Structure formats: structure tokens, C-alpha cells
Amino acid sequence: MAVNALLIDTVRCTGCRGCQVACKQWNKRAAEKTEFFGGPGYQNPADLSKDTWCLVTYNEVRLGDRFEWVFGKKQCMHCNIPGCASACPVGALEKLDSGPVIYHKDKCIGCRYCMLACPFVVPRFEYGSWNPYITKCTMCYDRLQMGEIPACAKTCPTGSVTFGERDALIREARERIASNPSEYNHHIYGLEEAGGTCVLHISKVPFEKLGYITDVPRRPVAAQTELAMKSIPAVMVGLAVVLGASYKLRTRAHLRGEDAERPSGTT
Amino acid sequence: MVTERKGAFGIGGAILFVLAGLGIALALYRFATGLGSVTNLNQGYPWGIWIGFDILAGIALAAGGFVVGGLMHMFGGEKYEPLVRPTILTAFLGYLLFIVALLVDLGRPWTIWHMIIMWHHESPMFEVGWCVMLYTTILLLEFIPVVFERFNMTGLYKLWKYSASWIAIALLTLFAIALTQSVPWVIAIAAVLILFQLSVEVGAIYRHPRMPTLLLMAGIIFSTLHQSSLGTLFLMVPHKLHVIWYSPWLPVFFFVSAVATGLAMAVFESILSARFFGREVETDLLRSVGRFLSWAIICYLGLRGIDLIVRGVGSELLAWTPQCTAFWIEIVVGSLIPLAILLTPELAKSTTWLFSASLMVIVGLIVNRVNVAVIGITSKYSVTYYPHWMEIAITVGIVSAGVLVFVFVCRHFPIFSDERSAKGAG
């Protein structure tokens, strides 16, 4: 099955925030009351939230002798092997073969382990509600089902957000870097991060300058728990055998003596 | 005698009632308005002291139930019998309190039953949830004879005696099905357990007169998995947990430190309740528990030390950061000083020193769990987290309620050995 993905080319981004608005409109997220905050100038709002699943970040980066805006895009990375989905005890988060990581809100119990497990700090919890859910980008899974492309990709006027098949987009990203090596930082963010993701980013400057989390493990975080989870049955059988044998040996004398009430002798 | 005991309840009891009441009121407020209104949890720190203290530390403090009640039974030592009922009671109450704390912490606690039918066996949280459910059931079965004895329900007692083992086998098999989803493993586990129980039934293995052995065995297996699975939870966060604590051996550390804490809790509780209820302290018994405790601490320190050296974390330990300071508090207070006390023969004989050493082990454990869940977690992309006073008040309320229930049960049910033997004689 074709694995869908998004390619974010921040070199082409003009910071119009069309994707941010389209995302909000399609997913019916409420407007937020925002305020000025220190740091990245015109960026609004400051961070992803339960109502902002897609955010254009504004970064003032020194290029040569002058400062320039370099934009970034924050959203769910749709990992190939997502920490959130591996962490969820009830399978409320699910990785689809077609790419998106989607959320079944009816299953969620609100334990917030997905938030801890996500290496990109993406899932947002509705702390203000008595009946809270996790929220995050779904790669517009509902649109994909209707044969449409995600709202952010549909609306982007400069071709900075491209929707397509993951392998094709990786080739496309490599071509763009190769054909314009001085304009691009030679790194595809999401190719290896967290074991690979279905949202790929390319940029003019190193990603740490855009505030991206760059010390992400290169293996899926779920790989770390595999051994512990797989050893459960061995621990069960091992303990049962050792405990049973130990008890049997210890009580041999009682068995011969057949003393009914209180085993004695151990002092 | 009875009136005198009730008199001892006085001011301390009143304070506990007020604290428990405040905790309940705040918890109700939290259910009406959401987690945001009573906690400082945020998008970068989804877990706070409720996870670190109430849940991680709370479960480890309940480990006495399987360490004393279970391991002693398996590996010998009927002399520890007087400690079994109090530790099982503590464990049972501990787990019930833990479930209350979990319901407060979960965003949608009324959906907690989803874990029973929506299986996701790769998730460490799924393992944790199943261990809680099934081990609490086992603890109830271990505790229930006390109730039968109290109300002279001989028929039910007999029913329990002959069915408890089979219930335990059923629960262990169900757990194996849910967590492995592998037919060969399920058959292997069920076969070993059924073989053991059949040997007991036909008389090839000694049938313990009071406690079905398989019930305790199930308790040990579920506890081992539960204690270690709480460590497994944090294996998922190599990118967030500080390098001092993030080790592939985290589940093993959680288990070994829980065993030490289980022993420390047995000592701590025996001395405290002996004073409170005006009974004799079982000094000899506690001294030998103290010896086991020193071995557990040595094991724990050895494992942690080797791990830190192998992973090359040595230089990190001397930095002047909150994480390093927290680490040293955990090790010095929780392991080094109590070990020194227990290994000094003059001190190890004294009840007071024994009490101090176990209290320190308990404090060290709590610091360790809070370190792993809160202090060691770094989230660069959000404001940091400090507990809100209401989070602390709810925790204090839950613990106060637990102490009140413990005292109530100790007063009205045959928990301590002298009461039981007195009853038997009379």
C-alpha cells in the first residue's frame, strides 16, 4: 500500500499561515485568544495547542551579515512506528498502513502516556475540560478517505507543503537539495528521526535554528520497551517453576510427617 | 481495653479526618472542572507528583504484601507468620488507594474499564493496568479469610480454601493470554500452574493448612511484573528521562528497590503499630527482616553502580544540577546510611535504629520514584512543572484516608498475631 506523507519545504514558505487557517477551518478548531510573547516576533500563537494542530513558526536566523525570517512548521510527524500508538494501553492512537496516525477518541482513557512517549512533544491534552481528550493533527484522514488531500497541502500557495507518496517525496526532497545545494541544508528531517516519519522537512538552515527537536532518537522509541515486554511470559514461567520447586523442597518434611496443623521445624 | 484504644485516636484522628475530607472535596472539584484547575500539569509535563508519589512510590510501598507474605512462604520461615497479615492488609489498602489516586489522575476515569476489552499488549501501560486489576483481586483473596474468621463464616472459608488456587490459575492464564497473545506461552504457563495444583490436590506437594500456596505464587508473579512494569513505562522516554535514571535495567531496579522497600515497610509498620496499639515489638523477627533488608540494599546499590559505570555516566553525577542533587539524596538517604546502620551490629539490635533505617529506605524510595517521574524528566519545549498545592492536598487526603481505614481494620479485625492466638486460646 502506498504510504502517504507530507513534504514541508521551508525554503518555499512565505509565512502566510494559510495552512494554519485551513487546518483550523477544516478540523473546526476554535480561535484562540493570544498575546504577544518574547522571542519569535510575528509568530502566533506561541505553540501547538488543543485548538492549533498546525503552526507556522517564525525564526529570526542570521544568514551572512543580515537577519532573515526562516519559517518552520509544527504538527504531528506521523512516525512510521509512533511512540504514542505503542504507548497507548487501549489502542486509541493507531498508525494506519496508509501513513496517518489517527486518534479514536471513544477509546481514550486520558492517561496521557502518549504525550510522554512522543519524541516531538505533539499531542495536546484538554486540561480545561471535565471530559478531556487528546488532540493532534490527523493528516486530514477524513479528507483522505474522500480522495482529497490534507487541508494544509491543498491551501499552500507556494508549494511549500506537498502531499504525496513517502518514497516519491523523499526522492523529490533529494532532487531539490541536489539541484540547489547552496539554498538547502543537506538534511531531510524525518527521514531517520524516531525511525522515520511521514512528515519530511527540508530547510535553508540547520533545524536546531528553527527550534526543531534535533536530539530525537534515531530508533523508534517503542524499540526500547520491546525486550521488557517480550520477557513477560518467560518471567511468569520461570517464577512459577522456581517458586513451586522451592516450596516443594522446603515442605518435603511436612509431607512425610503429615502433621496437619502447624508446620514446625523452621527456626 | 477497647475504650482505651478508642481514646488513643484523639487529635491525630481528627486531623486525619479533616485532611481526608479536604482531599475528597478537592477531588470532587477536579472532576467538575478538569485537571487544569487543580494541577500545574502542562503539555510538556503530562505527569506530575500524582504519578511519582501516589502511583510509583505507592505501589512500591505496598510491596511488603508479596515480599513478606509471599517470598517467606516459598523460601521458608514460618516464623515470619505474625508479619504476614499486617503486610497483606497494607498491600491491599495500598492498592485500593492507588486505584483511587489513578482515578483522580486519569482524564476520563469512567472509561478505565476499556483496558479490559480494548487490548493493546505492546503497551507497558496495558501491562500496568492488567497487573493492577488482577493483583488487587489476588490481594482481596489473600485478605478475605480475615473477614471470614471475624464473622465465623466457616462455609465461605472452606469454599475459599479450595477454590482460591483455581481462581489464581485462571487469572494468571488470562493475563498470559492478554499480554502474550501467543498460544505456546499460554499453554506453557497454564500447564506449570495446573501441574503444581494437581500435585497439591493428590498429596504429592504439601498443602499449607492456612494459605493456598498458589494464591501467594500468583501474588508474587503479578507483583514482580507490576513493580518492574512501572520501570518499563519509562523505557519509552530515552529522549526525556535524565541519563542518570534512563537505563535499560530500569524495570529491574524498580523491582529490586521495591523488594527492599517491602521489607522496610514491614519493619516500619510493625514497630509503629506496636507502639500505637500498645503491643510488644517482635524484636527478633524484625532483626532478621533487617538482615534481609541489608542484602536487598547491597544488591540494589551493586546493580545501580555497575549500570552507571557501564553506561559511563560517572562524570554526570558530580555536576551541580537539581538532578544530581536529587540522585545523591536518593542514594545517601535511601541506601548508604540505612545500610551503614544495618551493618553496624550495635545499631542493628536497637528497635529505634531499625525503625530509622527502614524509614530512610522508604523516604529514599519515594525520592527515587519522584526523580524518575518528575525531576528527571526534561521537556525543553514547555514551561517547567512544580506541583500545585491542590495536587499535594489531594495526595495528603488520600494517604490520610488510607491511614484511617488501616487503623479501623486493625481494630475491628484479627490482624495481629497476639489477638489471633488469644482468640484461639479463648
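Shown above is the structure to which this text applies.
Small disclaimer: the values here were computed from a predicted structure and weren't measured.

Trainee: If you had to explain the overall build of chain A to someone new, which residues and values would you point to?
Mentor: A tally of regular secondary structure across chain A gives 9 helices and 9 strands. On C-alpha atoms alone, chain A measures out to a radius of gyration of 26 Å, which is more than a quarter above the 18 Å that the 2.2 N^0.38 rule sets for 267 residues. For chain A, the spread of C-alpha atoms along the three principal axes comes to 90 × 45 × 40 Å. In chain A, which comprises 267 residues, the proportion classed as buried is 42%. Within chain A, contacts between residues at least 6 apart in sequence are counted, and of these 60% link residues at least 24 apart.

Trainee: Tell me what's going on with the overall build of chain B, and back it up with residues and numbers.
Mentor: A tally of regular secondary structure across chain B gives 17 helices and 0 strands. Here chain B has a C-alpha radius of gyration of 22 Å; the compact-globule value for 426 residues is 22 Å, and the two agree. Each principal axis of the C-alpha atoms in chain B carries an extent, and together these give about 65 × 55 × 50 Å. In chain B, buried positions account for 48% of the 426 residues.

Trainee: Just give me the short version of helix α10 (residues 213-233) of chain B, but keep the residues and values in it.
Mentor: Between its terminal C-alpha atoms α10(B) stretches 30 Å, which fits the 30 Å expected from 21 residues at 1.5 Å a residue. Most of α10(B) sits out of view: 21 of its 21 residues are buried.

Trainee: A description of the packing of helix α4 (residues 64-75) of chain B against helix α5 (residues 81-105) of chain B should follow, citing residues and the corresponding values.
Mentor: Residues and elements named next belong to chain B. Two numbers describe how α4 lies on α5: the axes approach to 8 Å, and their chain directions differ by 150 degrees. Between α4 and α5, the crossing angle belongs to the class labelled roughly antiparallel. Classified by chirality, the crossing of α5 by α4 is left-handed. Between α4 and α5, the residues in contact are Gly64, Gly65, Val68 and Gly69 and Leu83, Val84, Thr87, Ile88, Thr90, Ala91 and Phe92, respectively.

Trainee: I'd like a description of unusual backbone geometry, backed by residues and values.
Mentor: Residue A:Pro45 is bonded to the preceding A:Asn44 through a cis peptide linkage, with omega at -5 degrees. Along the chain, A:Pro45 turns up in the loop between α1 (18-26) and β2 (55-63).

Trainee: Outline the environment of B:Ala373, supporting the account with residue identities and numerical values.
Mentor: All names here are of chain B. Note on placement: Ala373 falls in helix α15 (residues 351-375). The exposure class of Ala373 is buried, given the 26 C-beta atoms found within 10 Å. Each C-alpha atom of the pair Ala373 and Gly65 lies 24 Å from the other, and the pair is 308 residues apart in sequence. Non-local contacts of Ala373, meaning those with residues more than four positions away in its chain, are made with Trp47, Ile51, Gly52 and Leu56.

Trainee: Explain the interface of chain B and chain A residue by residue, including any values.
Mentor: The interface is formed by 61 residues belonging to chain B together with 58 residues belonging to chain A. Put simply, the parts of the chain that give the side of chain B that touches chain A at least two residues each are α2 (10-33), α4, α6 (114-117), α7 (124-150), α8 (154-180), α9 (183-202) and α10 of chain B. In terms of residues, the side of chain B that touches chain A owes the most to one element, α10(B), which gives 7 residues. Class assignment of the residues belonging to the side of chain B that touches chain A gives a composition of 36 nonpolar, 19 polar and 6 charged.

Trainee: How would you summarise the sheet that holds strand β9 (residues 199-202) of chain A if you had to cite specific residues and measurements?
Mentor: All names here are of chain A. One open sheet accounts for 3 strands, arranged β8-β1-β9; its pairing is mixed. Both edges of this open sheet fall to β8 (161-165) and β9, since each of them pairs with a single strand only. Neighbouring strand axes in the sheet, compared pairwise and without regard to direction, differ in orientation by 25 degrees on average. Of the strand pairs in this sheet, strand β1 (residues 4-9) and β8 are connected by 5 bridges, and their pairing is antiparallel. In the sheet register, Ile8 faces β8, and the bridge partner there is Val161.

Parameters at a glance
Residues numbered from 1 in each chain as written. Chains lettered and ligands numbered in written order. Predicted model: local features only at pLDDT ≥ 70, side-chain atom pairs only at ≥ 80, totals over all residues. Helix = DSSP H or I, 4+ residues; strand = E, 2+ residues; numbered from the N terminus. Rg over C-alpha atoms; globule rule 2.2 N^0.38 Å. Buried ≥ 20, exposed ≤ 12 C-beta atoms within 10 Å, placed from the backbone. Contact = placed C-beta atoms within 7 Å. Expected span 1.5 Å × (residues − 1). Axes fitted to C-alpha atoms, helices over the stretch in contact; angles between N-to-C directions. Parallel < 35°, antiparallel > 145°, perpendicular 65-115°, else oblique. Left-handed = near helix turned anticlockwise from the far one by under 90°. Nonpolar A, V, L, I, M, F, W, Y, C, P; charged D, E, K, R; others polar. Pairing = 2+ DSSP bridges.

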